[in-house]
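What follows is the residue order along each chain.
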Amino acid sequence: MSAAGESGRAQQMRARIQDLEQAAERATDPQERQQLKGKARQLKEQSEHAGGTGKPDIDPM
């Protein structure tokens, strides 16, 4: 996958995480809120393991 494709995918994942977190805050049902928070946390972990933390790569050269 190209660098641009990876960047776009990471951006989409961050947007999805943010959507889930916002939906959790709006949820009135405690069980639904916990489910949404859990999904957001799981996506965050996946994104971190995939290197999609949003931190730019630094080339020392």
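Provided above is the structure to which this section pertains.
Being a predicted model, the structure only gives us computed values, none of them experimental. The written sequence of each chain sets the order in which its residues are numbered from 1. Restriction of local features to residues with pLDDT of at least 70 applies here, the model being predicted, together with a cutoff of 80 or more for giving and counting side-chain atom pairs; totals for whole chains, interfaces and linings are based on all residues. Where side-chain values are given, they derive from all heavy atoms of the structure, hydrogens and water being excluded.

S.K.: Got a sec to walk through the overall build of the protein? Specific residues and values, please.
M.R.: We count a stretch as a helix when DSSP gives it H or I for four or more residues in a row; a strand needs E for two or more, and each element gets its number in order from the N terminus. Scanning the protein for helices and strands turns up two helices and zero strands. Residue-level accessible areas treat just the shown protein chains as cover; the underlying method is Shrake-Rupley with a 1.4 Å probe. Of the roughly 5200 Å² of accessible surface on the protein, a fraction of 47% belongs to carbon and sulfur atoms.

S.K.: Run through helix H2 (residues 30-49), naming residues and quoting values.
M.R.: Helices are assigned an expected span. That span is 1.5 Å times one less than the residue count. Between its first and last C-alpha atoms H2 spans 29 Å; for 20 residues at 1.5 Å apiece the expected length is 28 Å, and the two agree. Note on classification: 1.4 Å probe, protein chains only; a residue is buried when its accessible area is under 20% of the maximum for its type, exposed when over 50%, partly exposed between these limits. Taken together, the buried positions of H2 are occupied by Leu-36, Ala-40, Leu-43 and Ser-47. With its buried residues spanning 60 degrees around the axis, H2 presents them on a single face. Turned more than 90 degrees away from the buried face of H2 sit Pro-30, Gln-31, Gln-34, Glu-48 and His-49, all of them exposed. Our arc is simply the arc of the directions from the helix axis toward the C-beta atoms.

S.K.: Residue-level account of the environment of Glu-48, with values.
M.R.: In this structure, Glu-48 sits in helix H2. Each C-alpha atom of the pair Glu-48 and Ala-10 lies 9.7 Å from the other, and the pair is 38 residues apart in sequence.

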